[in-house]
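The chain contents come next:
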Amino acid sequence: MYPQDQGASVSSEIPLGTMGEPIDVAYAALYLASDESKYVTGIEINVDDEILAGSAPPSSDA
């Protein structure tokens, strides 16, 4: 996907420290299609190596 040196640079900026792979998205889809998720409704599953969680703005609670 990326040249080796660029991939290492991108990975260092990801909170989990690793690049995601297509299988990661496939497992999320498989879970949603399975009986294991029969009681799951109205949920958003982010398969993004915590990019959204790691980039959340700081709380304004003071």
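Residues numbered from 1 in each chain as written. Predicted model: local features only at pLDDT ≥ 70, side-chain atom pairs only at ≥ 80, totals over all residues. Heavy atoms only, no water.

Asks: How should I be thinking about the overall build of the protein in this particular structure?
Replies: The secondary structure content of the protein amounts to 3 helices and 0 strands. Across the protein, helices and strands are ordered from the amino to the carboxyl terminus as α-α-α. Burial status across the protein gives 10% buried among its 62 residues. For the protein, the accessible surface area stands at approximately 5,400 Å², while carbon and sulfur atoms represent 55% of it. (Helix = DSSP H or I, 4+ residues; strand = E, 2+ residues; numbered from the N terminus. Buried < 20%, exposed > 50% of the residue type's maximum accessible area, 1.4 Å probe, protein only. Areas by Shrake-Rupley, 256 points an atom, 1.4 Å probe, with all protein chains shown as cover.)

Asks: Teacher, can you tell me more about the side chain of serine 37 here?
Replies: Assignment of secondary structure puts serine 37 in the loop between helix H2 (22-33) and helix H3 (51-54). A polar side-chain atom of serine 37 sits 2.9 Å from the main-chain carbonyl oxygen of leucine 32. Other than its neighbours up to four places away in sequence, serine 37 contacts Tyr31 and Leu32. (Polar contact = N/O pair within 3.5 Å; in protein donor to acceptor, adjacent residues only side chain to side chain. Contact = heavy atoms within 4.5 Å.)

Asks: What's the story with the confidence of the model for the protein in this structure? I'm lost.
Replies: Regions with low pLDDT should not have their predicted coordinates read in detail. The pLDDT averaged across the protein works out to 77; a share of 63% of its residues lies at or above 70. Ranking the elements of the protein by mean pLDDT puts helix H1 (residues 4-12) last with 63 and H2 first with 94. (pLDDT = per-residue confidence, 0-100.)

Asks: Just checking my understanding: could you explain a nonpolar patch on the surface for this structure?
Replies: Together, Val25, Tyr31, Leu32, Ile43, Ile45 and Val47 line one region of the surface with nonpolar side chains, adding up to about 510 Å² of accessible area. Along the chain, isoleucine 43 falls in the loop between H2 and H3. Note on isoleucine 43: relative accessible area 53%, which makes it exposed. (Patch = residues over 30% accessible without salt bridge, like charges linked within 9 Å, V, L, I, M, F, W, Y side chains within 5 Å. Salt bridge = Lys/Arg side-chain N within 4 Å of Asp/Glu carboxyl O.)

Asks: Would you explain the environment of asparagine 46 in this entry?
Replies: In this fold, asparagine 46 is placed in the loop between H2 and H3. Residue asparagine 46 is classed as partly exposed on the basis of its relative accessible area of 42%.

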